[in-house]
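# Report on the structure
One letter stands for each residue in the lines below.
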Amino acid sequence: MSAQRRLFFALSLPPELQKQVVQWRADTFPADTGRLIAAANLHLTLAFLGEVSAQKEAALRSVAGRIDAKGFTVQIDDAGHWPGAGVVWLGTRRAPRALLQLADVLRSHAARNGCYQNTLPFHPHISLFRAATRPVAIPPATPDWALQAKEFGLYQSIYERGRTRYSLLQSWPLPVLLT
Ligand code: 3AM
């Protein structure tokens, strides 16, 4: 059997937004809030695939290449803490329909290809900290940034030397930005 890879579909953050997020996180939360997610790893997950064989990966790449979705803008204007999962996150109060549709189509194809899908509803978010299990004060005023999604990508999660890094394997354009 061929080796499996741990994969997920996600939106990356444009470099300027990545910088703003990292600065806001440093200004807003004490360093001992949890385990900081490295700047290069900040992303918005669309569909988690889990450990995937080369054959399934090829099928999912092919599906992704046939998706006819338009670009969209996600207002990053919400923040929160999930103590159970230990995640502090930035998110959106108004997920655009195009984002929900893209995540939905990727998640349903993943399920059809035998990738276990979480039954919790999709809640688009950018994880900032993990292992944040103690109470976290979320400021009442959150930022209001625009994440312009012009492409989505397939990422591999690689754990080596005690660290996780995400490697972009392939991306697909989301042409014509909807406002
Ligand atoms: O950083 P976020 O939360 O967007 O939480 C993991 C991360 O998402 C999620 O996949 C993304 C890349 O690692 N993830 C990890 N294991 C998962 C699982 N078993 C999972 N999502 C659902 N089910």
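Predicted, not measured: the structure shown is a model, and the values here were computed from it.

### Some details on the side chain of His 81
Mapped onto the elements, His 81 comes out in strand β5 (residues 78-82). You can call His 81 buried: its relative accessible area is 17%. In this structure the side chain of His 81 is engaged in a polar contact, spanning 2.6 Å, whose partner is the backbone oxygen of Ala 132. Excluding its chain neighbours within four sequence positions, the residues that come into contact with His 81 are Val 87, Val 88, Trp 89, Ala 132, Arg 134, Pro 135, Val 136 and Ile 138.

### Remarks on helix α2 (residues 54-66)
The end-to-end C-alpha distance of α2 is 19 Å, a good match for the 18 Å that 13 residues give at a rise of 1.5 Å each. For α2, the complete set of buried residues consists of Glu 57, Leu 60, Val 63 and Ala 64. Projection of α2 onto a plane perpendicular to its axis shows the buried side chains occupying an angular sector of 125°, all on one side. Exposed and oriented more than 90 degrees from the buried face of α2 are Gln 55 and Arg 66. Tucked inside the fold, the buried residues of α2 contact β1 (5-12), β3 (43-52), α3 (97-112), β9 (151-160) and β10 (163-173).

### Details of the packing of aromatic side chains
Within a pair of aromatic rings, the relevant descriptors are the distance that separates the centres and the angle that separates the planes. All chains considered together, the criterion is met by nine aromatic pairs. Ring centres 4.9 Å apart and planes at 80° place the aromatic pair Phe 8 and Tyr 166 in the edge-to-face group. Of the two residues, Phe 8 sits in strand β1 while Tyr 166 sits in strand β10, which places them 158 residues apart along the sequence. Where Trp 24 meets Trp 145, the ring centres are 6.5 Å apart and the plane angle is 90°; that geometry is what we call edge-to-face. Of the two residues, Trp 24 is situated in helix α1 (residues 15-28) and Trp 145 in strand β8 (residues 145-149); the sequence distance between them amounts to 121 residues. Note on Trp 145: relative accessible area 15%, which makes it buried. Aromatic ring contacts, followed pair by pair, group Trp 24, Phe 29, Phe 129 and Trp 145 into a single cluster. The ring of Phe 129 carries Arg 25 above its face, with NZ or CZ at 5.8 Å from the centroid.

### With respect to the pairing of β5
Of all five residues that make up β5, four are buried, and the element is covered over most of its length. Relative to strand β6 (residues 87-91), β5 runs antiparallel, the two being bridged by five bridges. In the strand pairing of β6, Ala 79 is matched with Leu 90. Count of turn residues in the β5/β6 antiparallel hairpin: four residues, of which Gly 86 carries a positive phi of about 70°.

### Things to note about the pattern of salt bridges
Counted by the stated rule, this structure contains eight salt bridges. One salt bridge connects Arg 93 with Asp 78, and the closest N-O pair in it is separated by 3.8 Å. Of this pair, Arg 93 sits in the loop between β6 and α3 while Asp 78 sits in strand β5, and the two are 15 residues apart along the sequence.

### Some points on the side chain of Asp 77
When you line up the elements, Asp 77 lands in the loop between β4 (72-76) and β5. Note on Asp 77: relative accessible area 6%, which makes it buried. Polar contacts involving the side chain of Asp 77 include one to the side chain of Arg 94, which spans 2.6 Å. Setting aside residues up to four positions removed in sequence, Asp 77 forms contacts with Gly 91, Thr 92, Arg 93, Arg 94, Thr 142, Pro 143 and Asp 144.

### Looking at the nonpolar core
Core analysis: the biggest nonpolar cluster contains 44 residues, and Phe 9, Leu 46, Leu 128 and Phe 152 have the highest contact counts within it. Per-element accounting of this core gives the leading share, six residues, to α3. Not counting chain neighbours up to four residues away, the residues in contact with Phe 152 comprise Phe 9, Ala 10, Leu 11, Leu 46, Ala 64, Ile 67, Leu 102, Leu 106, Gln 170, Ser 171, Trp 172 and Leu 174.

Reading guide: rules and limits
- Residues numbered from 1 in each chain as written.
- Predicted model: local features only at pLDDT ≥ 70, side-chain atom pairs only at ≥ 80, totals over all residues.
- Heavy atoms only, no water.
- Helix = DSSP H or I, 4+ residues; strand = E, 2+ residues; numbered from the N terminus.
- Buried < 20%, exposed > 50% of the residue type's maximum accessible area, 1.4 Å probe, protein only.
- Polar contact = N/O pair within 3.5 Å; in protein donor to acceptor, adjacent residues only side chain to side chain.
- Contact = heavy atoms within 4.5 Å.
- Expected span 1.5 Å × (residues − 1).
- Arc of directions from axis to C-beta.
- Phe/Tyr/Trp six-rings, centres within 6.5 Å; stacked < 30°, edge-to-face > 60°.
- Lys NZ or Arg CZ within 6 Å of the ring centre and 35° of its normal.
- Pairing = 2+ DSSP bridges.
- Salt bridge = Lys/Arg side-chain N within 4 Å of Asp/Glu carboxyl O.
- Core = buried A, V, L, I, M, F, W, Y, C linked by side-chain atoms within 4.5 Å.

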